[in-house]
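Coordinate inspection notes
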Amino acid sequence: MSLRNKCVDTVRVLSAEAIQRAKSGHPGICLGAAPIGFEVFADFLKFNSANPKWDNRDRFVLSAGHGSMLLYSLLHLFGYDVTKEDLKNFRQLNSRTPGHPELGKTDGVETSTGPLGQGIGNAVGFALAEAHLAAIFNRPDFPVVDHYTYVLCGEGCLEEGLGYEACSFAGTQKLGKLILLYDKNNITIEGDTATNFNEDIATRFIAQGWQVIRVPDANDMNVLKTAIERAKSDLTRPSIIICTTKIGYGCPLEGSEKVHGAPMGEENLQKLKDRLNWTEEPFDVPEDVKEYCRAIAEEKSLDEENWNKLFENYSNIYPELADKYKKYMSGYELDYNELFSKFDFSSPEATRASGGKILNEIATRTPNLLSGSADLAPSTLTGLKCSGAFTPENREGRNIQFGIREHAMAAICNGIQVHGGLRIVCSTFFSFSDYMKGGIRMSALMKAPVIYVMTHDSIGVGEDGPTHQPMEQLIALRSIPDIKVFRPCDGKETVAAYVSAFAGTVPTVLVLSRQNLNQYANSGIKAITGGYVLEDCKGTPDVILMGTGSEVDLCAAAKKALEYEGIKARVVSMLCLEEFENQTEEYQESVLPKSVKARVCVEAASHFAWYKYSRDYGEVIAMHSFGTSAPAKVAFEHFGFTVDNVVEKAKLSLSNSKKK
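Please read these numbers as outputs of a predicted model, since none were measured by experiment. (Residues numbered from 1 in each chain as written. Predicted model: local features only at pLDDT ≥ 70, side-chain atom pairs only at ≥ 80, totals over all residues. Heavy atoms only, no water.)

**Comments concerning the sheet that holds strand 13 (residues 508-511)**
The test is simple: When DSSP locates at least two bridges between a pair of strands, those strands are taken to pair. Helix and strand assignments follow DSSP, with helices taken as H or I runs no shorter than four residues and strands as E runs no shorter than two, numbered in order from the N terminus. All axes here are fitted lines through C-alpha atoms, helices being fitted over the stretch that makes contact, and every angle between N-to-C directions spans 0 to 180 degrees. By definition in these notes, contact holds between two residues if any of their heavy atoms fall within 4.5 Å.
The strand order across the open sheet built from six strands is 9-8-10-11-13-12, with neighbouring strands paired in parallel fashion. The open sheet is flanked by strand 9 (399-401) and strand 12 (484-486), the only strands paired with a single partner. The sheet shows a mean angle of 20° between the axes of neighbouring strands, taken without regard to direction. Across five bridges, the pairing between strand 8 (residues 369-373) and strand 10 (residues 423-429) is parallel. Residue pairing across strands places serine 371 opposite valine 425, the latter belonging to strand 10. Contacts from helix 17 (residues 406-419) reach strand 8, strand 9, strand 10 and strand 11 (451-455), with the element oriented near 170° to strand 10.

**Observations regarding empty space enclosed by the protein**
Left-over empty space is what a probe sized like a water molecule reveals as it rolls over the atoms. What counts is decided by this rule: Computed over the protein atoms alone on a 1 Å grid, cavities are sets of points where a 1.4 Å probe fits but cannot get out and pockets are open sets with protein on both sides within 12 Å along at least five of seven lines; a residue lines them when it has an atom within 4 Å of a point. Grid points are joined across faces, edges and corners, and a volume is the space filled by probe spheres set on the points. Gly falls in the polar group here, along with every residue not listed as nonpolar (Ala, Val, Leu, Ile, Met, Phe, Trp, Tyr, Cys, Pro) or charged (Asp, Glu, Lys, Arg).
Tallying each qualifying case throughout the model produces two cavities of 30 Å³ or more. As a volume, the largest cavity reaches approximately 90 Å³. Considering the residues around the largest cavity, the lining is formed by Phe41, Leu45, Phe47, Asn48, Pro52, Arg57, Asp58, Phe60, Leu71, Tyr80, Gly108 and Glu110. Tallied by class, residues from the lining of the largest cavity come to seven nonpolar, two polar and three charged.

**A closer look at the pattern of salt bridges**
Quick note on the threshold: Between Lys or Arg on one side and Asp or Glu on the other, a salt bridge is scored when a side-chain nitrogen of the former is within 4 Å of a carboxyl oxygen of the latter.
Scanning all chains against the criterion turns up 33 salt bridges. Each of Arg4, Glu39 and Asp43 takes part in a single network of salt bridges with overlapping partners.

**Focus on the state of the cysteines**
To keep it simple, the criterion reads: The disulfide definition used here is simple: a pair of cysteine sulfur atoms within 2.5 Å. A simple rule labels every residue: compare its accessible area, found with a 1.4 Å probe on the protein chains alone, to the largest value its type can have, and call it buried under 20%, exposed over 50%, or partly exposed in between.
Counting across every chain of the model gives zero disulfides. In this structure cysteine 489 is not part of a disulfide, and its nearest cysteine sulfur, from cysteine 555, lies 9.9 Å away. The structure places no disulfide on cysteine 601, whose sulfur is separated from the nearest cysteine sulfur, that of cysteine 555, by 8.6 Å. Judged by its relative accessible area of 0%, cysteine 601 is buried.

**Re unusual backbone geometry**
Of note, the phi angle at lysine 447 is positive, near 55°, even though the residue is not glycine. Turning to its location among the elements, lysine 447 is positioned in the loop between helix 18 (437-446) and strand 11. A relative accessible area of 42% places lysine 447 in the partly exposed class. One non-glycine residue, aspartate 482, lies in positive phi territory at about 55°. Its location among the elements puts aspartate 482 in the loop between helix 19 (473-478) and strand 12. The exposure class of aspartate 482 is partly exposed, given its relative accessible area of 38%.

**Quick notes on the sheet that holds strand 3 (residues 178-184)**
Across the sheet, five strands lie side by side as 1-2-3-7-6; this open sheet has parallel pairing. Whereas interior strands pair on both sides, the edge strands pair on one side only; in this sheet they are strand 1 (59-62) and strand 6 (211-215). Recorded for the sheet is a direction-independent mean angle of 20° between the axes of neighbouring strands. The pairing of strand 1 with strand 2 (residues 149-153) spans four bridges and is parallel. In the sheet register, phenylalanine 60 faces strand 2, and the bridge partner there is tyrosine 150. Sheet contacts for helix 10 (residues 221-233): strand 2, strand 3, strand 6 and strand 7 (239-244); angle to strand 6, the most-contacted strand, approximately 175°.

**Some remarks on the packing of helix 1 (residues 3-22) against helix 4 (residues 68-77)**
Using the following cut-off: Any angle that falls under 35 degrees is termed roughly parallel, while one over 145 is termed roughly antiparallel, one within 65 to 115 roughly perpendicular, and all others oblique. By convention the crossing between two helices is left-handed if the near helix lies anticlockwise of the far one by an angle smaller than a right angle, and right-handed if it lies clockwise.
Running from N to C, helix 1 and helix 4 point in directions that differ by 125°, and their axes come no closer than 9 Å. One element, helix 1, and the other, helix 4, form an angle in the oblique class. Helix 1 and helix 4 meet at a crossing whose hand is right-handed. Packed against helix 1, whose contacting residues are Cys7, Thr10, Val11, Leu14, Ser15, Ala18 and Ile19, the element helix 4 presents Met69, Leu70, Ser73, Leu74, His76 and Leu77 at the interface.

So, in structure tokens, the structure goes:
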């Protein structure tokens, strides 16, 4: 047996041992795809395991995230901070080797994967970010941005619609430094894929503009090496290498779905070791394998040393570009007052229109900002006027035309954001956020501060009807941990929302109106707190009226009507519940004093978020059904979003609070 084959078997055994010890995991892909992973790491991947975040490293994405032990075993062999104890603690509480790869948990993991197809989308984002940064910074003889993205997937990733969307986009954009290694074993959880996935993958990818390369037997690493070299040599299009493998290679369950998602059992593990002539103690790595992989890792660390020298010379010849590069990587900050001074919010305006102006002003201050949409930039108003579109002919373009691919857009944006050096905004209509929910959830899991702009925010969409009128989307996104959802009521609040988004370390959703909204004298930077007193009364209020977005205007008008009848009202703009909940108890009490029991919450969306704030005697004016096709004003009136109804509910709440 060659030493390289012994290395591959080491990956197989370590993976199988960890899965068996955990009594949980997916050994099939680890055994079958081990040669693919080892070949990429040993002969192609550019990395420094002592500095896993080196800017110009190649990226390896395990889109088939259920095969996480394959990745952890490779990281362990090549000197990353993944220890034997980490392998033993696979899938255990507080382990650095969780069940699926998680960004920030494990040294060398580039992105969180597991939901199939997400990793492909992330990888496309990595490749796009590399292409854009290379166009900005590279100069003759100074390729300071020059790296590849390798992604390993299986049938599941290609069956998911997200995989289609992302690969179609990558082919259109001719992202030649993207290499997809397809672990083709024709098995998924339910068995042979012949019953549900028998299309001609090669023809499909040719049609999408990809180079297609076949490896008939992935265990032949010489053929694998030649295939990857061929993929790297064609920079005019992305490449897919279709690698034929056997799931569970080497164990008695080889070729069966039974080895996909469950430990193989102690008896089968021993039979695997016997077939591979494996005699090491559990979790031990043979000395010759250890030394071989260590030598490879040490040699690869020189890539960073050479890059550092290159960048030093680059800095001497192109000092302004070098400084700009460093600024891209460290990030830009926004000052609310300075930004706000650029605008005149004196007339009614849709927050999508305000948002478009704000975003374009931000783009002049943050040159590393990209903006894209799912074919809706003319409606979401998120196009950057200072730049053209990102295309194969114009890699410096800062506007990304994702096409009608919402789910892929979210996954690709996660990759762009996680890559480093860039900030990304993407947009669509709010009702279509359902299509991209999986990607938004992954943003939150990774704490990737992608900025999502969702316009056409309510039944105010009007005649397009319930298919385009979001109702449950606000509560759905608010229910995701580690995310901020802003629904501003005017231009100044929209500025505050953008400032919060750019300063934050988690994703932010800006939910903006189609229809014009009034501007408020007392709105502004206070909106960063998520909830604040927009309009107040003298002394303690009798009733608190709180709302978001366009419904704040109803609260403000109702306040005037109530005061005419001698009822003191406070208007609270609650544009971001998550940020309000992050404030101190003292601050929350100052805005919503518990002593004021009469309250009315108004929002043209699902009612579920508001009972915490309405409390025992409050009233909630919200949606309990889908919308309807009608002019916006008519739709609002039909569902009770009127000043008269707010006033009536305020009086009812006040009456009920006094009965106790």
